[in-house]
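Survey of secondary and tertiary structure
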Amino acid sequence: MNYKLNPLALQNAPALIESVFPAQKVSFEAQRERKAGAGQTLTALGSYWKGRKPLILVRAIVLGSLLPPTGDAEGDLEIFEKLMAFDDEGLARRALAAKAFSARELQEHLPIADPERYFSGRGWRRDASEADKLALYRQALATVATYEAKAALCKRPEEVDQDWLYAPVWPVVNHHYAALGIDAHSFPELTEQLGILRYGHRPRVGDTFCGGGSIPFESARLGCDVYASDLNPIACMLTWGALNIIGASPERRAEIEKTQREVAEAVDAEITQLGIEHDEYGNRAKAYLYCLETRCPETGWRVPMSPSWVISKTRNVIACLKPDQENQRFEIEVVTGASAAEMKAAEKGTVQDGALVYELDSKTYRTPIKTLRGDYRDAEGNTGNRLRRWEKHDFQPRHDDIFQERLYAIQWITKESLNQSRQETFFTSVTEADLERERAVEAIVAANLTRWQEEGLVPDMAIDPGYNTDQPVRERGWMYWHHLFPARQLIYLAAINRRSKQAGAASIIKMGKALDRTSKLCRWHPSSPGRPGVAPSADKVEQVFDNQSLNTLYAYASKSLLELSLFLSRYEEKSIRIQNVGRISEAHPANLSSDAALCALSDLQTRVLTHPANHIKDESDLWITDPPYADAVHYHEITEFFIAWLRKTPPKPFDEWVWDSRRALAIKGSGEDFRRGMVAAYTAMAEHTPDNGMQCVMFTHQDTGVWSDMVGIFWAAGLQVVAAWYIATETTSELKKGGYVQGTLILMLKKRPAGERTGFKQRIMPAVRAEVQRQIETMMHLNDTVKRKHGEPVFNDSDLQMAGYAAALKVLTAYTQIGGEDVTAFALRPRTRGEVTVVDEIVQQAAEAANSLLVPEGLAADTWAKLSGIERFLLRMMDMETTGAAKLDNYQNFAKAFRVEDYTRVMGNMTANQARLKRLTEFKSRDLTDSTELGATRLGRLIIALQQMLAETEPQTIISQLQAEMADFLEVRPILIDLLACIERKAPEPEVRPAAEVLGARIKNLRFGG
Ligand SMILES: C[S@@+](CC[C@H](N)C(=O)[O-])C[C@H]1O[C@@H](n2cnc3c(N)ncnc32)[C@H](O)[C@@H]1O
């Protein structure tokens, strides 16, 4: 292709993301992507991997890093939004793709001069064109107030046909960047051209913490070459899958699907031949339900254990325990069509509140599980129990083990409906014939286990102790990974593993999904008919990793081979081809080393490697990373569940990877080791970046201490902060259930120019203030322009504040030494509790500089400067609430910025997305005593005064009280008036506004001494 490009023309140009980024819109779209659950593009490859970064966020970062500012900030923003499909036309197309409005709604709500052109009766005319529909959709969307409300009606950009969605965008983009010679008609073309302008070649994006692969995948989809690595081979496998299965060409995809069907058919034939999954009538199992059983120390009876005996709520199926006096055990009878009373009774299982509880001859017996297990603490304080530690050749409990395992119910698919799309199922008790099959299963496993282990088809890997991995050992005595699987499933999985390994990499990825649904850690989920607010659900086997731990269960369930085959043969993953264009730049030197897996994605270069982040092999122009900061998920431990099955004889190209979790090398926690590991990783990345390259680091922002640590790390790695954005990625995190809200901080960094620069705090502070002011004022200016035009500003207060921090850090991180301390020493030095570092001080300075600029609308800057933190917080948030803001993280962030001690005391609602301040009328007198943060302020005093006004106290009396309480009443009178004027404009309660007006007017008109 022949572009009129001047390579390297943008070599030293800043990136657009340094000054402009539609953070609010990205936040909204990122949250929508998250909420799509199974509708997300990459989760289908393995939903056991949690915490993938939203693709839309990655897209925005890559584009923002490649696009240059042209000197026309507003025009640049417009282009950026068009490329993200956030603009009006993009929204109209996305809404049309979602069929957001019916023809009837449009007819009813829009003034249409020539309805017959579009409609026939209540529907569309048959010949109504797409252009006609789009015209009406544009009009309809224009009546929707906010971006969020509009976008909520739309499909996500990635769900819409890309050629159609972006058809109107390319001419505008080409026009905007005409001076640069851009001529693009797709993302890969645009990306490649921008790369040539900036780096002289197609840009390469690297991610050394690639995890589930969002960053490499989206970068490749945009047309970048990618370098992806992770310490963990499961992460690498998922990343490889994203690039090579989801990103495969249709031809390759068809091939993969064919192979998968063959694998599924071959395994199915093998198991069918063994005769262990069909009953004597030809019905086939769908799920197996197991429970533990233990001997009651009081009665000597063997008692089945489960927290509930409900099997299906839609069909009223339960398991009933029938005493068998002769054998001192219980028969388990599966009853279908149980009465309401029986269902209710079955909800109460034999494991209640950590104890074995059951009834025999009208007497209730209760034994704590701890007692059953024989938990003890020895003289040295070590804890332990009497559970036997299982050995490598064990695959089921021995007859004298404390916990036995028992199959108690089977869900069958009727013979007649086996090959139908709607299958008939039913549950049965375990019969003598079933037990016969179980014995056959045991015999097969006993005869083959050692061989399977040697061949790498079943794990022979011991469970190393650890935060998550201690649990199965402690609670069951399971010492090897295969102990986590029922015998029957070992047969299935060995067969799947053998065939998949033979079939190749794309097949073996499926093994991960199968493992996630077959172990003793899978819960049985009884169906439910649903009720208002709760959707109906089917009977099903849950995933192992529906949470990120290795929780043992008293009752568990496993899918049959038939069900697992569905995972194997059905490629439900989305097929999204990574578009490509002919290369016009020189290929990067492939520099293939032995552990490299080079996958030819058309001619995009994508490398996926397993190595620690500081062992990078190749240079990248742009490193985008999401490091394991204080990660709640112990990927290095829990993925051993999968590694144990895959590590021996993996197929190409996985055979070149290190199949070990290498726990010792994993970066974890947030302490000294974490900082050391991170500095090494980011130094390596900086060394593998050209001088004009960029880095983007995402991390979860929980407290201001994070700033200090992270900035210290990047600073020590030779990087300089150039921008920061805050993205609300999820409200209450799926990973860390808890009281706080999660957002992601996007920090943009560049290599610090070489050479030493020594700074002193006293000199840096004024420079920090000036830079913060310059940054915020520039952004406010753009805000005004955009608001005038589109009715909504680009940046909200938290964007401005974040940009203020970034501006301050930009000044700070340009130095190599501050006050005589070298930055590396600073980053690695152990922290003392409560220590205030130079970064903390600068961040605080920046917050103050920013806050002094963020005056709520209508308040005099002078008054603002005189207010305390809690006063500022209250007024600022009151102002924000008028724009409909209700996110708890906003309140948290501003409380920190204004140094409010306890903002919760002034909050009326602390729900993640419905947060709000207390209404003025909701403050109780105990909230406003002198000893409270707010009560001691003028604003606190005014709130009492306003409450009195509403209680019809005479204004004069109120004012006299104010005068009596405030010695400086005369001097502060203008502040009081200003505060009341602000409340009059912003208070959400209609009755408070006139009260503030009257009180303000009375104070204003006070005559003194007269
Ligand atoms: C937060 S996750 C990344 C998630 C990823 N961005 C995604 O979208 O799925 C952090 C990753 O860092 C990896 N990791 C931890 N220590 C590492 C090290 N020393 N070197 C390389 N990767 C490491 C973990 O295996 C994990 O996959």
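Everything discussed here concerns the structure shown above.
All of the points below concern the structure found in this document. (Residues numbered from 1 in each chain as written. Predicted model: local features only at pLDDT ≥ 70, side-chain atom pairs only at ≥ 80, totals over all residues. Heavy atoms only, no water.)

**Some remarks on the packing of helix α32 (residues 938–950) against helix α34 (residues 969–986)**
Put simply, the rule reads: The angle between two axes is taken between their N-to-C directions and runs from 0 to 180 degrees, where each axis is a line fitted to C-alpha atoms and a helix contributes only its stretch in contact. Comment: elements are numbered from the N terminus, with helices defined as DSSP H or I runs of at least four residues and strands as E runs of at least two. Any angle from 65 to 115 degrees is called roughly perpendicular, while one under 35 is roughly parallel, one over 145 is roughly antiparallel, and all others are oblique. Left-handed is the label given to a crossing in which the near helix is rotated counterclockwise from the far helix by less than a right angle, and right-handed is the label when the rotation is clockwise. The criterion used for residue contact is that any of the two residues' heavy atoms lie within 4.5 Å. All amino acids are sorted into three groups, where Ala, Val, Leu, Ile, Met, Phe, Trp, Tyr, Cys and Pro are nonpolar, Asp, Glu, Lys and Arg are charged, and the leftover types, Gly among them, are polar.
Two numbers describe how α32 lies on α34: the axes approach to 11 Å, and their chain directions differ by 60 degrees. Between α32 and α34, the angle falls in the class oblique. Between α32 and α34 lies a crossing whose hand is right-handed. Contacts between α32 and α34 involve Arg938, Leu939, Leu942 and Leu946 from the former and Val972, Ile975, Leu976, Leu979, Leu980 and Ile983 from the latter. Residues belonging to the contact of α32 with α34 are distributed by class as follows: nine nonpolar, no polar and one charged.

**Quick look at unusual backbone geometry**
Geometrically, the link from Lys652 to Pro653 is a cis peptide bond, its omega value of -10 degrees lying close to zero. Relative to the elements of secondary structure, Pro653 occurs in the loop between α22 (640–646) and α23 (672–687). Despite not being glycine, Gln328 has its phi angle at roughly 50 degrees, a positive value. Looking at the element boundaries, Gln328 is found in the loop between β8 (317–324) and β9 (329–336).

**What about the pairing of strand β21 (residues 604–610)?**
Definition in use: A 1.4 Å probe rolled over the protein chains alone gives each residue an accessible area, and that area as a share of the maximum for its type sets the label: buried under 20%, exposed over 50%, partly exposed in between. Note on pairing: two strands pair once DSSP finds at least 2 bridges between them.
With seven of seven residues buried, β21 is to be regarded as a mostly interior element. Across five bridges, strand β4 (residues 225–230) lies against β21 in parallel orientation. Along β21, the bridge assignment pairs Ala228 with Val608.

**A closer look at the pattern of salt bridges**
What counts, and what does not: Basic side-chain nitrogens of Lys or Arg form a salt bridge, by our definition, when they fall within 4 Å of a carboxyl oxygen of Asp or Glu.
A full pass over the atoms with the stated rule returns 65 salt bridges. In this structure, Arg829 and Glu835 form a salt bridge, with 2.7 Å as the shortest nitrogen-oxygen distance. When its relative accessible area of 27% is taken as the criterion, Arg829 is described as partly exposed. A cluster of three or more residues bridged by salt bridges with shared partners is formed by Arg59, Arg156, Glu158, Glu159, Glu218 and Arg221.

**Details of the pairing of β8**
Of the pairings in the sheet, the one linking strand β7 (residues 310–312) to β8 comprises two bridges and is antiparallel in character. Opposite Ser312, over in β8, you have Val317 as the bridge partner. If you look at the hairpin formed by β7 and β8, you'll find four residues sitting between the two strands, and Asn316 has a positive phi there, around 50 degrees. Bridge analysis of β8 against β9 gives eight bridges, and the strand direction is antiparallel. Bridged to Pro323 within β9 is Phe330. Here β8 folds back onto β9, and the loop between the two strands holds four residues, one of which, Gln328, carries a positive phi near 50 degrees.

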